[in-house]
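Each chain, letter by letter, is given below.
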Amino acid sequence: ASTCSGAAGGQISLFLMAAGGWKDQFGFPAGGYRILARRRSGYPDIEIEGPGMCQPVWGWTGRGYGLVKRCER
């Protein structure tokens, strides 16, 4: 059976305050997240939990969050 959030079973979004209001940094299926100790310009890296052995990591790029550890599917 499939769900509206894919195999991960949930949805995650991150909103940051930007000029003109809140900006959605990412929104996609995820089982959860984990805030990591590593920081980039004061912003913590975020590990996205989901199915499989590899968990992608998003980090601050200077303008927003971007993928810093990719998992091959």
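Residues numbered from 1 in each chain as written. Predicted model: local features only at pLDDT ≥ 70, side-chain atom pairs only at ≥ 80, totals over all residues. Heavy atoms only, no water.

## Quick look at the pairing of strand 6 (residues 65-69)
What counts here: Pairs of strands are assigned from DSSP output, requiring at least two bridges between the strands. Put simply, DSSP H or I for four residues or longer makes a helix, DSSP E for two residues or longer makes a strand, and each gets a number counted from the N terminus.
Relative to strand 6, strand 5 (residues 57-60) runs antiparallel, the two sharing four bridges. Bridge pairing in strand 6 places W60 opposite Y65. Remark: four residues form the turn of the hairpin made by strand 5 and strand 6, two consecutive strands paired antiparallel; G62 in that turn has positive phi of roughly 105°.

## With respect to the side chain of D45
So the rule is basically this: Between buried and exposed lies partly exposed: a residue is buried under 20% and exposed over 50% of the maximum accessible area for its type, with that area taken using a 1.4 Å probe on protein chains only. We define a polar contact as two N or O atoms separated by no more than 3.5 Å, with the added condition that, inside protein, one atom must be a possible hydrogen donor and the other a possible acceptor, whereas residues neighbouring each other in sequence contribute only through side-chain atom pairs. Residue contacts are defined here by distance: any two heavy atoms, one from each residue, within 4.5 Å place the two residues in contact.
Note that D45 resides in strand 4 (residues 43-49). A relative accessible area of 3% means that D45 is categorised as buried. Among the polar contacts listed, one links the side chain of D45 to the side chain of R40, at a separation of 2.7 Å. Filtering out sequence-adjacent residues up to four positions away, D45 remains in contact with R34, I35, L36, R38, R40, V57, W58, G59, W60 and V68.

So far we have only geometry, and geometry alone does not tell us how the molecule works.
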